[in-house]
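Read off the chains here:
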Amino acid sequence: MDKVIYEPNKYLKMGIKIWPQMFSEIIEFRELTWRLFIRNLGAKYKQAALGYFWVIITPFIAIGTFAFLNKAGIVNIGKTDLPYPLFALIGLTIWQLFSSGLNFGCNSLVSAGEMISKINFPRETLVIASIAQAIFDFIVKLVLIVVLFFVYRYIPSWKIIFFPVLILPILVLTIGLSLFLSLLTGVIRDTANAVTLLTTFFMFLTPVLYPIASDKHIFFKLNPLSSLINAPRDLIVYGYIADPMSFIISSVLSILIFLISWRVFHLVETKIPERM
Amino acid sequence: MSDFALKVENAGKKFTKSLKRSMLYGAVDIMQSALGLTPNTSNLRDDEFWAVNDVSFEIKKGDCFGIIGPNGSGKTTLLKLLNGIFMPDKGKIEINGKIGALIQVGAGFHPLLSGRENIYINGAILGMTKKEIDKKFDEIVEFSEIEEFLDAPVKHYSSGMFVRLGFAIAVHCEPDILLIDEILAVGDRDFSLKCYQKINEIRKSGVSIILVSHNEYIIREQTSKCLYINKGYKRFEGPSDEGITLYIKESLEGSRRKMHIEEQESLQSTNRKCARIIDLKFYDKNKNEITYIETGAELNIQLNCQINKELENIIFGINFYGNSGLMYCANSFYDNIQFEKISPGKISVNINLSEFQIPTDKYLCSAIIADDNASNLIDAKYMDYSLVVGRAKNTRGLLKLTNNWKIIKD
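Residues numbered from 1 in each chain as written. Chains lettered and ligands numbered in written order. Predicted model: local features only at pLDDT ≥ 70, side-chain atom pairs only at ≥ 80, totals over all residues. Heavy atoms only, no water.

Undergrad: Where do I start with the interface of chain B and chain A in this structure?
TA: Reports often express the size of an interface as the amount of accessible area lost when the parts come together. Contacts between the two partners involve 56 residues from chain B and, on the opposite side, 38 residues from chain A. Both sides of the chain B and chain A interface together cover about 4300 Å² of buried area, and 64% of this is carbon and sulfur. Our count for the chain B to chain A interface comes out at zero salt bridges. Where chain B packs against chain A, one counts five residue pairs in polar contact (both at pLDDT 80 or more). (Contact = heavy atoms within 4.5 Å. Buried area = accessible area lost by both parts, 1.4 Å probe. Salt bridge = Lys/Arg side-chain N within 4 Å of Asp/Glu carboxyl O. Polar contact = N/O pair within 3.5 Å; in protein donor to acceptor, adjacent residues only side chain to side chain.)

This is the structure we're talking about:
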């Protein structure tokens, strides 16, 4: 029989011993996470006439826009075999994994409101399930990109099989930031608005729609998102990572942010139902 | 080997009254926890109050335990503490086994999804695996009686269907301890009955039940032990009957105090000069003064008055106003009793009710003196007295019926 004790600052007193518990909780509740994800997905498209078709409408519109910009000669990405619409779409797809993941994750606790204050279950599942939504959109767009490879008759390097590994750091960063920001949104609702605003403008400050320009300004080098987006894209465009050092530094940073946020989340998630 | 299912020691939970402060404190708490500082939670900051304070009790395995108290007494907060939704700010809560809670039905339901989908989601939220839900699925559907609408989105469900489905899922997730917050009142009579039958059934298999309500009938009927809390403090823990009697007495005193302030000024002072009510007392058959009586027992009422002027054809009346909204009365006018001339002085009017057959409830009592023309009040004390009528020991239900049993053979 499992025995549970609730007391003030319970998790804080556990110290380092909390980590195994946190990991086992995530594993134990993977089914719940999956169900919540399916629930969100189902509910999102159930009342839409076009249903799941919406998932691919957005990238198609994006492609059209980039193709037009390219034809008009407004953007020039330099020497690469990869057509610009594909280049931009890959960048945007990776960026949106981060930005929509962050926006979904941020609101995940608040939008579950009632449930959080009435039922006891690990709240991480809500955050992860909402980011899974962004992952789902990401995968759909990847399939579209592969289709476009055929359309443009572009053959990427075989090293493309490492693409999923190179995507992990930005995903870890997204989950990490979401865990922390969702808590903050629970206490101060302004957070969600700020995140929407910041992700919109930060996209232009990050080499998403244009190639990296670290020699132009020191900011591009310091922005960890630059290398997190560029490394996986480089793999498709060139077949190698242009700046592996900054990618490794950014990855380590992402993992640190994730671990700290997760720990903080676990410590204070019990305070969130009071503020709903 | 411990035989308790749940043990609460000096548990306390505080809340903030102001929303802005609540944001500030929330941010401070999060920061402190994040930095690894142990926040001292047992002191009150500005604008904070204890919603539950210093509450201790213990529940044994297989107990059906009631938590009773008026609105805002901290019942739901306490339940959320037991469920682990809130962490206590002081004290300790020990739980032996898996907890299932029904704090608000349909809290985890998604309105756009069908009943079928929601059963799986809600089951998962309550900690069931898909296999377990598959196994229980038919039982849940059958118990909740929603088969016909299983694939309709739950936003089109009636509130009764909502409750049925929520309850069905919660009881089928096989908890060791089941927490129920006055939700069964929503379903219709048939379903409430079915729920209580189910509760009794799982209780026999060793599940402890905690029932929260401000309705004393439910607590009395369903639980053997109860906890009575008021304003966050524990007032009583023990047998349900005793706890409820105390709860009723205290809430009566509260409402009487309120009434007193609004005491009628409408009575004409000239009338009052003729006669005044001094007080009203209740006695049992042994002439002991009482404030509590079992229904069906003998009751003697004594109305003490001061008569200042010779009066004729006077009417005395005593009204009992129940919590249920019903009124019962003993009135000399309706009993067709004509009193002779009463000369000035102190008198006591005695009324004997050999079988005081009124339903179990808490009653506020009014006493009146009126002219032969009943509308002309001489003096009245509205709801100034109280009497608690409890359930007779050797019966169930609200009344003790007098029966004659006989078997006739053809």
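Having seen the model, we can carry on.
Undergrad: I keep staring at the sheet that holds strand β17 (residues 377–390) of chain B and nothing clicks. Help me out?
TA: The strands making up a sheet associate through backbone hydrogen bonding, with each pair oriented either parallel or antiparallel. Residue and element names in this part refer to chain B. Across the sheet, five strands lie side by side as β11-β17-β16-β13-β14; this open sheet has mixed pairing. Strands at the two margins of the open sheet, each flanked by one partner only, are β11 (292–294) and β14 (327–331). Across this sheet, the average inter-strand angle for adjacent strands is 30°, counted without regard to direction. Examined bridge by bridge, strand β13 (residues 315–322) and strand β16 (residues 361–370) share eight bridges and lie antiparallel to one another. Its bridge partner being in β16, Y321 is matched across the sheet by L364. (Pairing = 2+ DSSP bridges. Helix = DSSP H or I, 4+ residues; strand = E, 2+ residues; numbered from the N terminus. Axes fitted to C-alpha atoms, helices over the stretch in contact; angles between N-to-C directions.)

Undergrad: Explanation requested: unusual backbone geometry in the structure shown.
TA: Excluding glycine, a negative phi dihedral is what most residues carry, and trans is how most peptide bonds are arranged. Within the chain, R153(A) stands out as a residue other than glycine whose phi angle is a positive 55°. One can find R153(A) in the loop between α6 (124–151) and α7 (163–187). One non-glycine residue, N313(B), lies in positive phi territory at about 45°. By the secondary structure assignment, N313(B) is in the loop between β12 (299–307) and β13. Judged by its relative accessible area of 29%, N313(B) falls in the partly exposed class. (Buried < 20%, exposed > 50% of the residue type's maximum accessible area, 1.4 Å probe, protein only.)

Undergrad: Explanation requested: the packing of aromatic side chains in the structure shown.
TA: The description of two aromatic rings rests on the distance between their centres and on the angle between their planes. As enumerated under the stated definition, the model contains 24 aromatic pairs over all chains in all. Between W95(A) and F98(A) the ring centres are 5.4 Å apart and the planes differ by 55°, which places this aromatic pair in the tilted class. With W95(A) and F98(A) both in helix α5 (residues 84–118) and three residues apart, the pair spans about one turn of that helix. Both residues of the pair, W95(A) and F98(A), count as buried. The interplanar angle of 40° and the centroid separation of 6.2 Å between the aromatic rings of F282(B) and F320(B) together place this pair among those described as tilted. One end of the pair, F282(B), is in strand β10 (residues 275–283); the other, F320(B), is in strand β13, and 38 residues separate them in sequence. A single burial state applies to F282(B) and to F320(B), both of which are buried. Through a chain of ring-to-ring contacts, three or more aromatic side chains come together here, namely F282(B), F320(B), Y328(B), F356(B) and Y363(B). When the ring centre of F121(A) is taken as reference, the NZ or CZ atom of R123(A) above it lies at 5.4 Å. When the ring centre of F87(A) is taken as origin, the NZ or CZ atom of R233(A), which lies over that ring, is 3.9 Å away. (Phe/Tyr/Trp six-rings, centres within 6.5 Å; stacked < 30°, edge-to-face > 60°. Lys NZ or Arg CZ within 6 Å of the ring centre and 35° of its normal.)

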